[in-house]
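# Architecture and fold: a report
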Amino acid sequence: MLVGVPKEIKNHEYRVGLTPASVRELTSRGHQVIVQKNAGTAIGLSDEQYAAAGASLVDTAKEIFDRAQMIVKVKEPQPQECAMLREGQILYTYLHLAPDPKQTEALVKSGATCIAYETITGPGGGLPLLAPMSEVAGRMAIQAGAAHLEKSKGGLGLLLGGVPGVEAGHIVIIGAGVVGTNALQMAVGVGARVTVLDKNVDRLRQLDLVFGNRISTLYSNAHAIEESVLTADLVVGGVLVPGAAAPKLVSREMISRMKKGAVVVDVAIDQGGCFETSHATTHAEPTYVVDGVIHYCVANMPGAVARTSTFALNNATIGHAVALADKGWKQALKDNPHLKNGLNVCQGKVTYEAVAHDLGYEYVPADFFLQ
C-alpha cells in the first residue's frame, strides 16, 4: 500500500502522523511511504531520518493526497484537506465529528473511508488510541491552569501548592477517567487540595485507595458539581462519552458565581466541551474570560508538547496502521472488531451511531460495508 503523511496545518500543530520508526515498520513490510518535506522538523524529526527509514519525500500536501491510498494524520482534516480526499481513500486520524458538522459533511461528500483514532476500542475496554493524548492533556491541564492563575495572565494570583502558613489552592477535577486520573496525579504532586468527581463509585474507591486522604472523592451529580465548582480555584473538565458530544455539566449560571480570576480548563473541548461557556481556542490565543473566569479551551492541547505526544501517539496507532496497510481496510476491520469501531464515515455514509444521532444523519453500521 502507498501510505502518505502530510504536514499538519492546524494552528500550532507540530505533531506528525508517523515517526521515522513507524515509517520503518511499514517499509520493512513492503509498503511505500511518502512524507511531506519538513513534516516533523519542528520536533526534531528530520527529512534525513525519514529517508533513512525508507520514506520518499515530496514537496506538497496535494501530492500526498493525490497519490496515497491511505493518509495518516494526527488532527482532523482542515477544509482544504477534506477537499483533497477522494473516494476509496483511507483516512486514519483523530476526527471528533460529533461537534463538527462541517467536517462531517465534507467527509461524507468525499466518499473516503474515515477511521477515527478516538473511537477505536481495546480488548480490555477503553479507548487505547485516545488514552496517550488524554494522559498528556490531563497532565497539561494542571500546568496550564497553574500558569493562568498567575496575576500576569489575568488569574487570581494564586500558587496552587501554597506555602507554609498559606492555604493551598483548590483543584476540582470532573471525571476520573484517563484525563482526570492524570490531572489528579499532577494536582497532588503540586501540593494542591484536590476534589475529584465521577459517577463510577468503583473508580472513586480505586483512587481513594491510591491517594488516601490527599484527595476528596465525590459522587458526581448536579449538587456536588455546583458546590465544588463554587469553591474551586481551578476546574478541570475531563468528561467523555465516546464519539458523542460531551455533556454540559457546568452551567453558565455556575460560572457566573465562581471566584473572579479562577480558571477552567476544558479538556473535553474536542467533543464540544463540558462547560456551557466553552468554545474551542488555539495555542495562539488559548484563553478568554466569561464573568471574570478564565477559560482555557485549546482543542489540541497535546500539540504544545508535540514531540512527547507524537511518540506516545505512534506507540498506540502503528499496530492498526500496519494492519490496514497489510490487509486493506475491509479485511482489517473484519478481523478486528475493535478497529471496526473506529470507522466513522464510509463511502458517503455515517457509520458511527453517536455521530449519526448527534448530527442527524442516517446511521449505517460498519458491517453493511464488510459483507
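Residues numbered from 1 in each chain as written. Predicted model: local features only at pLDDT ≥ 70, side-chain atom pairs only at ≥ 80, totals over all residues. Heavy atoms only, no water.

Secondary structure summary: the protein chain contains 14 helices and 15 strands in total. With the C-alpha coordinates aligned to their principal axes, the bounding extent of the protein chain is approximately 65 × 45 × 35 Å. Considering only contacts in the protein chain between residues 6 or more positions apart, those separated by 24 or more positions represent 63%. About 15,200 Å² of surface is accessible on the protein chain, with carbon and sulfur atoms providing 52% of the total. Distance between charge centres in the protein chain, computed from 32 positive and 35 negative side chains, equals 2 Å. (Helix = DSSP H or I, 4+ residues; strand = E, 2+ residues; numbered from the N terminus. Contact = heavy atoms within 4.5 Å. Areas by Shrake-Rupley, 256 points an atom, 1.4 Å probe, with all protein chains shown as cover. Lys, Arg positive; Asp, Glu negative; His and termini not counted. Charge placed at Lys NZ, Arg CZ, Asp CG, Glu CD.)

Mapped onto the elements of the fold, Ala-144 is located in helix α6 (residues 131–148). For the pair Ala-144 and Val-345, spaced 201 residues apart in sequence, the C-alpha to C-alpha distance is 34 Å.

What follows deals with the packing of aromatic side chains. This model, assessed by the stated rule, comprises three aromatic pairs. With a centroid separation of 4.9 Å and an interplanar angle of 80°, the aromatic rings of Tyr-94 and Tyr-117 are classed as edge-to-face. Residue Tyr-94 is located in the loop between β5 (90–93) and α5 (101–110), and its partner Tyr-117 is located in the loop between β6 (113–116) and α6; the two are separated by 23 residues in the primary sequence. For the pair shown, Tyr-94 and Tyr-117 are each scored as buried. (Phe/Tyr/Trp six-rings, centres within 6.5 Å; stacked < 30°, edge-to-face > 60°. Buried < 20%, exposed > 50% of the residue type's maximum accessible area, 1.4 Å probe, protein only.)

We now examine the side chain of Thr-277. Turning to its location among the elements, Thr-277 is positioned in the loop between β11 (263–266) and β12 (287–290). In this structure Thr-277 comes out as buried when scored by relative accessible area, which is 4%. Residues contacting Thr-277, with those up to four places away along its chain left out, are Arg-252, Ile-255, Tyr-288, Val-290 and His-295.

A few words now on the sheet that holds β6. Ordered by their spatial adjacency, eight strands build an open sheet running β3-β2-β1-β4-β5-β6-β14-β15, and the pairing between neighbours is mixed. Two strands lie at the open edges of the sheet, namely β3 (56–58) and β15 (349–350), each paired on one side alone. As judged from the four bridges shared by strand β1 (residues 2–5) and strand β2 (residues 32–36), these two strands associate in the parallel manner. The residue bridging Val-3 from the neighbouring strand is Val-33, located in β2. Along the sheet, helix α11 (residues 306–327) makes contact with β4 (70–72), β5 and β6, crossing β5 at roughly 170°. (Pairing = 2+ DSSP bridges. Axes fitted to C-alpha atoms, helices over the stretch in contact; angles between N-to-C directions.)

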